[in-house]
Amino acid sequence: MSDEYTLFDKKIEAIENLDLSKAKKPYFSNSRIDTISLCALKYRFQYVEGLRIDVPGYATSLGGAVHNTLEWVFKTIWAKDEYELPERDEVANKFLSIWGEVNLALRESVAYSLAESQKHEGLGLRILDLYHDHLVKNPSYPLSFIPEASDVAIPAVELELRAPIINLKTGAVISNKYDILGHIDLVASTAGKTSIQDHKTSARKYADFKIKTSTQLLIYSYLYRYFFKEGRLKPKFKDTKPSAKEKSVIFNIFVKGKIPELQFGSSSVTDTDLERLYYIVENCEKIIDSGAFIPLNNMQCSYCDYNVKGKSICLEFQKSMKIQGNPKIQKIIENLEKDGAVLVGKR
């Protein structure tokens, strides 16, 4: 398997820089829409001023390690001519390899803890073991994506797609200024039904309402419909005949508890549902164009990255919106970096 995967990996490397969209306009993504909906001022800090705070920790690192392991699993399946799920031990060893890299990175931060590392390592292995059992009983066939201006098929696994925002039913332009961007974890065929799937780790189960109203699922469905038409989506395996139209958009939720659980939440996105996405985009654009990034005071303020140890960056920014040259803000930034935060520049 390793030799075959190496050859496949070289093939992917040859096309990994393929630009799936020539447009270079600013974009809306699920995280950006969620941020501006939660607090417009936080959006300004993070995406306008470029003060982005990434605090390392085991909870987010576990999600990333599980995610990267599943990417390897589905790309390995895709590389085969027939469906062959990697063995349980292979999946575990891949996760442990990725988790080792995570620990090396966390050792250099204040977040490192041997006990927490071992706890989350065991949790990750149990989650992947559960999901492996699920895939044994419910084989998911990763499909192939044919990018425009290319005759090379790539796996519909970990696709970053960017598209203009138009009404897919009428063709009307929703935004001239912004694109929509999304990272689709997997497009697969299960029992002959095509689904868009997203892998998530969560401390608790998702409420059905949260799944049904998810903006992320709307974005995935929009991008799927925009790109996977006119033959851009191809079946990989002979015994699958997926429909060109998605049957459902699915959250595969790995619930992190003492006893991990799997939750599968699905939603069928209609043209009417996409109208809600267009409405959200139009309102986000209006807020940004107005320049009025009004803070929304709520119970989440105490957990906000920009309100640390009682030193609220929000208050400082209300006095001065300039990051550079403000000694008070620079002092707060220095304290955050000492606490292990990574300040990422404007994106």
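Structure's up top.
A brief look at the structure comes next. (Residues numbered from 1 in each chain as written. Predicted model: local features only at pLDDT ≥ 70, side-chain atom pairs only at ≥ 80, totals over all residues. Heavy atoms only, no water.)

Quick look at the overall build of the chain
Alright, step 1. Assigned secondary structure in the chain consists of eleven helices and 14 strands.
Alright, step 2. For the chain, the proportion of its 347 residues judged to be buried stands at 47%.
Alright, step 3. In the chain, the proportion of contacts linking residues at least 24 apart, taken out of those at least 6 apart, comes to 75%.
Alright, step 4. When the accessible surface of the chain is totalled, it reaches about 18,200 Å², and 52% of it is carbon and sulfur. (Helix = DSSP H or I, 4+ residues; strand = E, 2+ residues; numbered from the N terminus. Buried < 20%, exposed > 50% of the residue type's maximum accessible area, 1.4 Å probe, protein only. Contact = heavy atoms within 4.5 Å. Areas by Shrake-Rupley, 256 points an atom, 1.4 Å probe, with all protein chains shown as cover.)

Focus on the packing of aromatic side chains
Alright, step 1. Enumeration according to the criterion identifies 14 aromatic pairs in this entry.
Alright, step 2. Ring centres of Tyr224 and Phe228 lie 4.7 Å apart, and the angle between their planes is 80°; on these two criteria the pair is classed as edge-to-face. The pair formed by Tyr224 and Phe228 is uniform in burial state, with each residue classed as buried.
Alright, step 3. Feature note: the residues Phe145, Tyr222, Tyr224, Tyr226, Phe227, Phe228 and Tyr278 constitute an aromatic cluster, connected by ring pairs.
Alright, step 4. The positively charged end of Arg32 is found above the aromatic ring belonging to Tyr27, 4.3 Å away from the centroid.
Alright, step 5. In this structure, Lys210 packs its charged tip against the face of Tyr206, placed 4.0 Å from the ring centre. (Phe/Tyr/Trp six-rings, centres within 6.5 Å; stacked < 30°, edge-to-face > 60°. Lys NZ or Arg CZ within 6 Å of the ring centre and 35° of its normal.)

Observations regarding the sheet that holds strand S9 (residues 233–234)
Alright, step 1. In spatial order, the strands read S5-S4-S9; together these three strands make up an open sheet with antiparallel pairing. Only two strands of the sheet have a single partner each, and these edge strands are strand S5 (154–155) and S9.
Alright, step 2. Relative to S5, strand S4 (residues 144–145) runs antiparallel, the two sharing two bridges. Looking at S5, one finds that Phe145 is bridged to Ile154. (Pairing = 2+ DSSP bridges.)

Concerning the pairing of strand S8 (residues 193–202)
Alright, step 1. Buried residues dominate S8, accounting for eight of its ten residues.
Alright, step 2. Pairing geometry for strand S7 (residues 173–190) and S8, over five bridges, is antiparallel. Note on S8: the bridge partner recorded for Ala188 is Ser195.
Alright, step 3. Hairpin connection between S7 and S8: a loop of two residues separates the two successive antiparallel strands, and Ala191 in this loop has a positive phi of roughly 55°.
Alright, step 4. The pairing of S8 with strand S10 (residues 248–255) spans eight bridges and is classified as parallel. Paired with Lys200 across the strands is Ile253, a residue of S10.

What about unusual backbone geometry?
Alright, step 1. In this structure, Glu158 takes a positive phi of about 55° despite not being glycine.
Alright, step 2. Position of Glu158 among the secondary structure elements: in strand S6 (residues 157–166).

Digging into the nonpolar core
Alright, step 1. By size, the foremost hydrophobic cluster in this structure holds 51 residues, and its most contacted members are Phe28, Ile180, Val187, Tyr222, Leu223 and Phe228.
Alright, step 2. Contributing elements (two or more residues each) for this core: helix H2 (30–38), helix H3 (40–48), S6, S7, helix H8 (215–227), S10 and helix H9 (271–290).
Alright, step 3. In terms of residue count, the dominant contributor to this core is H8 (eight residues).
Alright, step 4. Membership of the second largest hydrophobic core comes to 25 residues, among which are Trp72, Ile77, Phe95 and Leu106. (Core = buried A, V, L, I, M, F, W, Y, C linked by side-chain atoms within 4.5 Å.)

Describing the side chain of Ser140
Alright, step 1. Relative to the helices and strands, Ser140 resides in the loop between helix H6 (114–137) and strand S3 (141–142).
Alright, step 2. Using a relative accessible area of 4% as the deciding quantity, one classes Ser140 as buried.
Alright, step 3. Side chain to side chain, Ser140 and Thr190 meet in a polar contact 3.0 Å long.
Alright, step 4. Setting aside residues up to four positions removed in sequence, Ser140 forms contacts with Phe74, Tyr83, Leu135, Ala188, Ser189, Thr190 and Gln197. (Polar contact = N/O pair within 3.5 Å; in protein donor to acceptor, adjacent residues only side chain to side chain.)

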